[in-house]
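The lines below spell out each chain.
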Amino acid sequence: MSETTTSRTTASKSAAAIDAAKARGGAALVGYLPVGFPDVATSVRAAKTLVSAGAEVIELGFPYSDPGMDGEVIQRATQAALDGGTRTADVLRAVEQVAQTGAAVLVMTYWNPVYHYGVDRFARDLASAGGAGLITPDLIPDEAAEWIAASDAHDLDRVFLVAPSSTDARLRMTSEACRGFVYAASTMGVTGARTSVDTHARGLVERTRAAGAERVCVGLGVSTGAQAAEIAEYADGVIVGSAFVRTLAREDGDVEAGLRDLAALGEQLAAGAHGALPDRSA
């Protein structure tokens, strides 16, 4: 048995959060917000607001200058964070502060910033801050040997993405490589809230589970409690990003109102994910 394998003694934080939500009879709510938007302190408050609203897992976005998968809403927010001077140290401090709530805190990041910081160094500092692990949208398992070794050594989750176009072989490889959950991108293309959730999502979850995944969370496009409830019927977690960022990004710049609106939306989406929406059919 390898040294890195024997060092993995801590249970996955995101898996534990998802399993706790399932034990209560629903799916987990996974909320994404970029660190540094509209400023670092407010982004931390916003993430804590989502935890208070019912999110079990928080994705803190690492601002990046070339966010190829992100839609316009998130691109504008991350660019504003970069313009405001948000850097790696800010992301790690944000992780530490949000992790104190008890939520599982993952960093959503493109690979380049981690590579330039130093893969093992980033893993060590993320673990020290109380982070659960990384979601890496542009890193595939067959090119992730260094990250897999570092995440094993520091007991961190690694979340890779699958899409409707993924082959069965790719689904198996990804499911085996993930620790925590598999991120199922329900649509082809960039992120962004949609009026309906892509019909490929259910089939993708079924195929990913058949490929060996223990937990599959669905993201890209969720913006309402009803959509969250729909996804919770077949997925282990509901991932919401653009809808939260758009809500926080008020044109009038009223931060307190943005946080109140964020809390209300978070509660609605948590109710949907947790199976607690009012029955309107009666």
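The written sequence of each chain sets the order in which its residues are numbered from 1. Only residues with pLDDT of 70 or above have their local features reported here, since the model is predicted, and side-chain atom pairs are shown and tallied only from 80 upward, although totals for entire chains, interfaces and linings are computed over all residues. For the side-chain quantities, the full set of heavy atoms in the structure was used; hydrogens and water were omitted.

A short note on the sheet that holds strand β9 (residues 237-240)
Strand order in the open sheet formed by nine strands is β5-β4-β3-β2-β1-β9-β8-β7-β6, and the pairing between neighbours is parallel. Edge positions in the sheet fall to β5 (157-159) and β6 (161-162), since each has one partner strand and no second. Strands pair, by our definition, only if DSSP identifies at least two bridges between them. What counts as a helix is a DSSP run of H or I of at least four residues, what counts as a strand is a run of E of at least two, and both are numbered from the N terminus. Bridging between β6 and strand β7 (residues 182-185) involves two bridges; their strand directions are parallel. Following the sheet pairing, Leu161 is matched in β7 by Tyr183. Contacts from helix α8 (residues 145-153) reach β4 (133-135) and β5, with the element oriented near 145° to β5. Note on contacts: a residue pair qualifies if any of its non-hydrogen atoms lie within 4.5 Å across the two residues. Here the axes come from fitting lines to C-alpha atoms, over the contacting stretch only for helices, and the angles between their N-to-C directions go from 0 to 180 degrees.

A few points about the packing of aromatic side chains
Side-chain rings of Phe, Tyr and Trp (the six-membered ring for Trp) are treated as a pair once their centres are within 6.5 Å; stacked means planes under 30 degrees apart, edge-to-face means over 60, and tilted covers the remaining angles. The final tally for this structure, using the stated rule, is four aromatic pairs. Centroid distance Phe62 to Phe122: 6.3 Å. Interplanar angle 35°. Geometry classified as tilted. Of this pair, Phe62 sits in the loop between β2 (57-61) and α4 (72-83) while Phe122 is found in helix α7 (residues 119-128), placing the two residues 60 residues apart along the sequence. Note on accessibility: Phe62 and Phe122 belong to one class, buried. One aromatic cluster in this structure is built from Phe62, Tyr117 and Phe122. For every residue, the accessible area (1.4 Å probe, protein chains only) is compared with the maximum for its type, and the residue is labelled buried under 20%, exposed over 50%, or partly exposed between those bounds.

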